[in-house]
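One-letter residues, chain by chain:
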Amino acid sequence: MQNQSFISCFFQFNEKRTTTKTEIVAGITTFFTMVYIVFVNPSILGDAGMDKQVVFVTTCLIAGFGTLAMGLFSNLPIALAPAMGLNAFFAYVVVAKLGYSWEIGMGAIFWGSVGLFLLTLFQIRYWLMASIPLGLRVGIGAGIGFFIALIGFKNMGLVVANPATLVALGELHDPKVLLGILGFFIITVLAARNIYSGVLISIVVVTGLALFLDPDVQFHGVVSMPPSLDAVVGKVDVAGALDSALLGIIFSFLLVNLFDSSGTLLGVTDKAGISDEKGRFPKMRQALFVDSLSGVVGSYVGTSAISTYVESGAGVSVGGRTGLTAVVVGLLFLLTIFFSPLAGLVPAYATAGALVYVGILMASSLIKVQWEDLTEATPAFITAAMMPFTYSITEGIAFGFISYCAMKTCTGRIREVNAPVWVVAILFLIKFIWVG
């Protein structure tokens with residue numbers, strides 16, 4: 001009873017109008033909506049040459065400790081984990097397309113995370129967010145969604161390369177393609193019926209079927225002691241990432257994480273009813289520090305940048321209002337460490353549906369664009385379209401900022417362009433002129 005009283009007092013149950021049971025149920029709900037990341041992240045980073053089982057463990061560790069810190073220091077029902085989008089950008093663009101080693105690529109993520117931490121430290125994070133026009137913010141989020149969806153279609157084999165038409169439809173008689181499509185529809189149908197764990201259910205069903213239909217998928221057990229982390233932890237090349245050619249990539253990591261993480265914090269706290277009309281909420285400073293510092297630590301140990309998760313809204317929707325929800329999520333992630341053999345079992349096409357689903361969620365923000373105003377609509381569209389078409393988040397952001405300045409200037413509305421937007425656009429122009 002005394003422990004219960006301490007927990008109630010520490011997490012301010014009376015002020016938040018909640019109970020221990022409600023918070024625990026909310027934590028379990030949030031966990032099952034986002035635990036898919038422990039399978040998706042190793043699958044993506046594994047394509048960059050990283051050890052999947054080690055990444056499984058480090059993903060669980062940073063998600064666990066980061067979420068615990070969020071719950072204990074900010075008393076918010078918000079969970080953290082490696083960011084979808086940034087991990088795909090890292091694996092398929094920085095490593096696969098540009099040819100950097102995963103050690104240097106992860107170093108670039110580290111410096112981008114350090115930049116976000118410094119913005120938080122000097123209290124200019126939200127000022128910078130407020131300086132970026134809504135159309136560009138929406139375009140960046142939607143573009144990442146399209147980019148992730150393209151990777152998902154590629155991983156399930158539904159979209160393939162074609163020298164004549166650039167891309168083409170894959171082989172629909174291939175069981176792997178059909179399983180990937182099945183996984184996607186399981187997720188979307190369950191999500192439409194408000195079943196929060198649809199992504200996890202999809203991965204389990206598709207992987208189970210793959211055991212019988214795909215000879216490449218082999219069962220190697222469920223539970224084991226965690227493997228040695230030496231193959232990943234301590235291998236990030238922080239110094240090697242300080243290359244002038246990587247400055248644009250570092251800036252992209254910083255900008256994407258800034259919008260993704262900050263936007264999620266605002267959205268979830270608003271849904272929980274704990275933020276005011278300006279988006280401010282209790283212990284906001286602590287939450288931002290935990291969020292940004294977790295990103296630095298996560299990239300340093302090799303799990304890609306950490307971000308707040310929009311799936312936290314699932315726990316909020318069933319009553320989660322305090323940090324105890326986050327503490328429950330963190331503890332469950334730490335327990336998941338002992339299931340690392342499962343990471344090597346899940347094929348890429350089993351997680352492909354999750355990538356496409358995340359793309360849908362991110363692209364839905366396009367509804368906020370002022371389509372009747374071409375000076376707003378054009379940069380938003382250019383930003384979103386150029387990411388998948390150039391296979392680069394960086395180029396999409398660059399063309400978005402440059403086109404925004406061009407449209408406003410050439411239509412006599414140059415005063416609508418603020419200083420931060422000019423600085424970013426000019427920096428990207430310098431990059432295109434002198435670097436390429």
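Just so it is clear, the structure is predicted and the values come from calculations on it, not from any experiment.

## Some thoughts on the overall build of the protein chain
Across its full length, the protein chain carries 19 helices and four strands. Relative to the 2.2 N^0.38 estimate, which gives 22 Å for 436 residues, the radius of gyration of the protein chain is 21 Å and therefore close to what a compact globule would have. C-alpha extents for the protein chain along the principal axes are approximately 70 × 55 × 45 Å. Buried positions account for 58% of the 436 residues belonging to the protein chain. Intrachain contacts of the protein chain at a sequence separation of at least 6 include 80% that bridge at least 24 residues.

## Structural notes on unusual backbone geometry
Positive phi values are uncommon outside glycine, yet R17 reaches one of about 55°. In this structure, R17 sits in the loop between α2 (13-16) and α3 (20-34). The exposure class assigned to R17 is exposed, which follows from its relative accessible area of 79%. A positive phi angle, near 70°, is found at L166, a position not held by glycine.

## A short note on helix α6 (residues 86-95)
Buried residues dominate α6, accounting for ten of its ten residues. The set of residues buried in α6 consists of L86, N87, A88, F89, F90, A91, Y92, V93, V94 and V95.

## A look at the side chain of T383
By secondary structure assignment, the location of T383 is in helix α17 (residues 374-390). On the basis of relative accessibility, which here comes to 1%, the residue T383 falls in the buried class. At 2.6 Å, the side chain of T383 forms a polar contact with the backbone oxygen of P379. Residues contacting T383, with those up to four places away along its chain left out, are L136, G139, I140, G396, I397 and G400.

## Here we look at the packing of aromatic side chains
On inspection of all chains with the given rule, the structure shows 13 aromatic pairs. Measuring from ring centre to ring centre gives 5.4 Å for F31 and F32, while their planes differ by 75°; the resulting arrangement is edge-to-face. Both rings, one in F110 and one in W111, keep their centres 5.1 Å apart while their planes meet at 75°; by these two values the pair is edge-to-face. Overall, F110 belongs to the buried group, its relative accessible area being 12%.

## Considerations on the nonpolar core
With 110 residues, the main nonpolar core has Y36, F90, W102, F253, I397 and F401 as its most contacted residues. Formed by 14 residues, the second largest nonpolar core is a distinct cluster that contains I78, L265, V290 and I306.

## Looking at the environment of L116
For L116, the position within the fold is in helix α7 (residues 102-121). With relative accessibility at 2%, the residue L116 sits in the buried group. Separated by 137 residues in the primary sequence, L116 and F253 place their C-alpha atoms 9.2 Å from one another. Contact partners of L116, with chain neighbours within four places excluded, come to R125, L254, N257, L258 and S292.

## Let's talk about the side chain of D214
Turning to its location among the elements, D214 is positioned in the loop between α11 (198-213) and α12 (247-271). We note that D214 is buried and unpaired, the nearest opposite charge coming from K176 at a distance of 4.1 Å. Filtering out sequence-adjacent residues up to four positions away, D214 remains in contact with K176 and Y349.

## Overview of the pattern of salt bridges
If charged atoms from side chains of opposite charge come close, those side chains can pair. Scanning the model with the defined rule gives six salt bridges in all. Between K176 and D216 there is a salt bridge whose closest N-O contact spans 3.6 Å. Within this pair, whereas K176 is found in helix α10 (residues 175-192), its partner D216 is found in the loop between α11 and α12, the two being separated by 40 residues in sequence. Linking R413 and D373 is a salt bridge whose minimum nitrogen-to-oxygen distance equals 3.0 Å. Here the residue R413 occupies a position in the loop between α18 (393-410) and α19 (419-435), and D373 occupies one in the loop between α16 (348-363) and α17, the gap between them amounting to 40 residues. Under the relative-accessibility criterion, D373 is labelled buried at 15%. Ionic contacts of the salt-bridge type, sharing partners, join the residues D373, E376, K408, R413 and E416 into one network.

## Some points on the pairing of strand β2 (residues 159-162)
By the bridge criterion, four bridges tie β2 to strand β3 (residues 166-169) in an arrangement that is antiparallel. Its bridge partner lying in β3, N162 is registered against L166. Hairpin connection, β2 to β3: the antiparallel pair is bridged by three residues.

## Points about the environment of G313
Residue position: G313 is located in helix α14 (residues 312-317). With a relative accessible area of 7%, G313 lands in the buried category. For the pair G313 and I78, spaced 235 residues apart in sequence, the C-alpha separation works out to 8.0 Å.

## Examining the packing of α17 against α18
At a closest axis distance of 7 Å, the pairing of α17 and α18 adopts a crossing angle of 160°. Of the possible angle classes, the one that applies to α17 and α18 is roughly antiparallel. Viewed along their axes, α17 and α18 form a crossing whose handedness is right-handed. Across the interface between the two elements, L374, T375, E376, T378, P379, I382, T383, M386, M387 and T390 of α17 pack against I393, E395, G396, I397, F399, G400, S403, Y404, M407 and K408 of α18.

## Considerations on the packing of α7 against helix α13 (residues 284-300)
Taken N-terminus to C-terminus, the directions of α7 and α13 make an angle of 165°; their axes are 8 Å apart at the nearest point. Judged by the inter-axis angle, α7 sits roughly antiparallel to α13. The way α7 lies across α13 gives a crossing that is left-handed. When α7 is examined against α13, the residues M106, I109, F110, S113, V114, L116, F117, T120 and L121 are found in contact with a partner set consisting of L288, F289, S292, L293, G295, V296, S299 and Y300. Among the residues forming the contact of α7 with α13, the class breakdown is twelve nonpolar, five polar and no charged.

Rules used throughout
- Residues numbered from 1 in each chain as written.
- Predicted model: local features only at pLDDT ≥ 70, side-chain atom pairs only at ≥ 80, totals over all residues.
- Heavy atoms only, no water.
- Helix = DSSP H or I, 4+ residues; strand = E, 2+ residues; numbered from the N terminus.
- Rg over C-alpha atoms; globule rule 2.2 N^0.38 Å.
- Buried < 20%, exposed > 50% of the residue type's maximum accessible area, 1.4 Å probe, protein only.
- Contact = heavy atoms within 4.5 Å.
- Polar contact = N/O pair within 3.5 Å; in protein donor to acceptor, adjacent residues only side chain to side chain.
- Phe/Tyr/Trp six-rings, centres within 6.5 Å; stacked < 30°, edge-to-face > 60°.
- Core = buried A, V, L, I, M, F, W, Y, C linked by side-chain atoms within 4.5 Å.
- Lys, Arg positive; Asp, Glu negative; His and termini not counted.
- Salt bridge = Lys/Arg side-chain N within 4 Å of Asp/Glu carboxyl O.
- Pairing = 2+ DSSP bridges.
- Axes fitted to C-alpha atoms, helices over the stretch in contact; angles between N-to-C directions.
- Parallel < 35°, antiparallel > 145°, perpendicular 65-115°, else oblique.
- Left-handed = near helix turned anticlockwise from the far one by under 90°.
- Nonpolar A, V, L, I, M, F, W, Y, C, P; charged D, E, K, R; others polar.

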